[in-house]
Structure formats: structure tokens, C-alpha cells
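Remarks on the overall topology
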Amino acid sequence: MAYINANDLMRFQNKIIDETEENIEQLNSYCKSSEQMIEKYLHYCPEIKEYTKRIKSDGGNLLELGTMPISEVTSVFIDDVESDVSLYSFETEKPYLQKSDFSNFQKGSIYTITFTAGYTTEDFPEIIKTTALQIASLFWESSGGNLAVSSTTYADTGSRVFNNFTADRFLKQLDMYKIELV
């Protein structure tokens with residue numbers, strides 16, 4: 001599932017193009033590239049999907065699942081032996097699994113956790129969509145070769161041309177959703 005597409009991008013840019021298959025494919029490519037940049041920046045995919053992760057416990061009281069928001073844990077296996085899912089809990093907006101009684105996980109054991117995480121169509125953050133559209137717009141505009149070109153003329157020394165093609169200024173607005181890697 002893509003959370004932005006060519007039609008969204010055209011509306012966002014307030015541009016109408018000849019909707020040939022080739023043009024739509026190109027715009028969808030910009031959208032996909034933008035989503036990939038966001039996924040890399042956040043360190044997880046914000047779209048809802050099911051995951052199965054194998055994690056070796058360090059004996060602490062949290063297991064890092066590496067994505068959020070967590071909506072459901074469907075199975076937990078400890079060293080390939082099924083465990084009761086009701087023994088575990090999570091906070092939806094945190095990327096961690098914990099034991100419901102707050103005890104520590106078994107050090108050295110391999111936990112295999114199947115869970116669902118990510119935002120649904122109904123609760124997908126608008127700031128992530130808007131940021132994706134801003135970045136896709138950068139790709140679209142750069143295809144014309146004149147993105148963020150500005151120049152200044154100085155009376156005694158001539159002119160200077162400045163180029164600024166960076167998505168960083170848009171990605172920073174997603175910091176509240178970012179998982180910091182340790």
C-alpha cells in the first residue's frame with residue numbers, strides 16, 4: 001500500500017499533466033522514492049503490516065520490536081516454545097514489548113514475536129503524508145533541472161548561484177515519529 005500516489009502529488013503541486021501511463025509511472029516513482037526516504041529516516045515503515053521478529057534477550061525488561069505503533073501481538077515463542085500472549089503488553093506508540101508483570105526477559109533466550117504495527121488508512125499521520133508529498137515534489141521539480149536555484153548579483157563582484165536540493169528540512173518535521181537506533 002502506498003500512502004501517496006501520482007494523483008495526490010498533482011493535487012499537492014496544483015499541476016495537471018498529460019496523464020499518459022509513462023508520466024503517471026514517473027510521478028509514482030517520485031512518490032515511492034519519497035516514501036523510501038521517510039522509511040529510512042524513521043527507521044521503520046509507517047504503513048500497517050504484520051512482522052515476525054527473532055530477538056535474543058539481553059535479560060532486560062523490554063524487547064525492541066523496531067517499529068510502531070504496535071496494534072497487536074499475535075504470538076510469542078521463547079526458544080521455539082509457544083508462550084501465552086496475555087503475559088505480554090506494549091504501549092501502542094512505543095516500539096517495545098514488555099512482560100505484563102514488568103519482570104525481565106530470560107537472558108540469552110530467543111524470542112520470536114509475531115505482531116502487527118503501523119498506521120492504518122484511518123489513523124495515518126497527515127504530517128507524514130505531507131512530508132512525503134513535499135519530498136516527492138522535490139524529485140518532480142528536480143527533473144526539470146532548476147530546483148532551488150537562486151542567484152544574487154553583487155554590484156562589484158558579479159553574481160552567485162545557490163542550489164539547495166535537500167529533503168532534510170522536511171524530514172526534520174517527522175522527528176516525533178522517529179525511532180532512535182542505539
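Since the model is a prediction, treat every value here as computed from it, not as a measurement.

Topic: the packing of helix α2 (residues 21–42) against helix α3 (residues 126–142)
Running from N to C, α2 and α3 point in directions that differ by 125°, and their axes come no closer than 8 Å. As the angle between them shows, α2 and α3 are arranged oblique. Judged by the twist between their axes, the crossing of α2 over α3 is right-handed. Between α2 and α3, the contacting residues are Leu27, Tyr30, Cys31, Ser33, Ser34, Met37, Ile38 and Leu42 on the first element and Ile128, Thr131, Ala132, Leu133, Ile135, Ala136, Phe139 and Trp140 on the second. Each residue belonging to the contact of α2 with α3 can be placed in one class, and the counts come to 13 nonpolar, three polar and no charged.

Points about the side chain of Thr116
Looking at the secondary structure, you find Thr116 in strand β7 (residues 110–117). Not counting residues up to four positions away in its chain, the partners in contact with Thr116 are Ile48, Lys49, Glu50, Pro69, Ile70, Ser71 and Glu72.

Quick word on the packing of aromatic side chains
All chains considered together, the criterion is met by six aromatic pairs. Seen from their ring centres, Tyr119 and Phe124 are 5.9 Å apart, and the 70° between their planes marks the pair as edge-to-face. On the basis of relative accessible area, Tyr119 is assigned to the buried category, the value being 4%. Put simply, the rings of Tyr3, Tyr119, Phe124 and Tyr177 pair up and form one aromatic cluster. Geometry around Trp140 places Lys15 over its ring, the cationic atom sitting 4.9 Å from the centre. In this structure, Lys178 packs its charged tip against the face of Tyr41, placed 4.1 Å from the ring centre.

Describing the sheet that holds strand β2 (residues 63–64)
Taking strand neighbours across the sheet as the criterion, the three strands line up as β2-β6-β5 in an open arrangement whose pairing is antiparallel. Edge positions in the sheet fall to β2 and β5 (88–89), since each of these pairs with one other strand and no more. Relative to strand β6 (residues 96–99), β5 runs antiparallel, the two being bridged by two bridges. Paired with Tyr88 across the two strands is Lys99, which belongs to β6.

Quick word on the pattern of salt bridges
Between side chains of opposite charge, a pair can form as their charged atoms come close. Tallied over the entire structure, the rule returns five salt bridges. Note that Arg11 and Asp8 form a salt bridge whose closest N and O atoms lie 2.6 Å from each other. Note that Arg11 and Asp8 are positioned in helix α1 (residues 6–13) at a spacing of three residues, about one turn of the helix. With a relative accessible area of 59%, Arg11 lands in the exposed category.

Re the nonpolar core
One recurring pattern in soluble globular proteins is that nonpolar side chains are buried together. Core analysis: the largest hydrophobic core is formed by 30 residues, its most contacted members being Leu9, Ile38, Leu42 and Ile128. Of all the elements in the fold, those that place two or more residues in this core are α1, α2, α3 and α4 (168–171). Beyond its immediate sequence surroundings of up to four residues, Ile38 is in contact with Tyr3, Ile128, Thr131, Ala132, Ile135, Leu171 and Leu174. Membership of the second largest hydrophobic core comes to 16 residues, among which are Ile55, Leu97, Tyr111 and Phe115.

As for the environment of Glu50
Residue position: Glu50 is located in strand β1 (residues 49–56). Classification of Glu50 as exposed rests on a relative accessible area of 55%. The contacts of Glu50, once residues within four sequence positions are left out, are Thr74, Thr114, Phe115 and Thr116.

Rules behind the numbers
- Residues numbered from 1 in each chain as written.
- Predicted model: local features only at pLDDT ≥ 70, side-chain atom pairs only at ≥ 80, totals over all residues.
- Heavy atoms only, no water.
- Axes fitted to C-alpha atoms, helices over the stretch in contact; angles between N-to-C directions.
- Helix = DSSP H or I, 4+ residues; strand = E, 2+ residues; numbered from the N terminus.
- Parallel < 35°, antiparallel > 145°, perpendicular 65-115°, else oblique.
- Left-handed = near helix turned anticlockwise from the far one by under 90°.
- Contact = heavy atoms within 4.5 Å.
- Nonpolar A, V, L, I, M, F, W, Y, C, P; charged D, E, K, R; others polar.
- Phe/Tyr/Trp six-rings, centres within 6.5 Å; stacked < 30°, edge-to-face > 60°.
- Buried < 20%, exposed > 50% of the residue type's maximum accessible area, 1.4 Å probe, protein only.
- Lys NZ or Arg CZ within 6 Å of the ring centre and 35° of its normal.
- Pairing = 2+ DSSP bridges.
- Salt bridge = Lys/Arg side-chain N within 4 Å of Asp/Glu carboxyl O.
- Core = buried A, V, L, I, M, F, W, Y, C linked by side-chain atoms within 4.5 Å.

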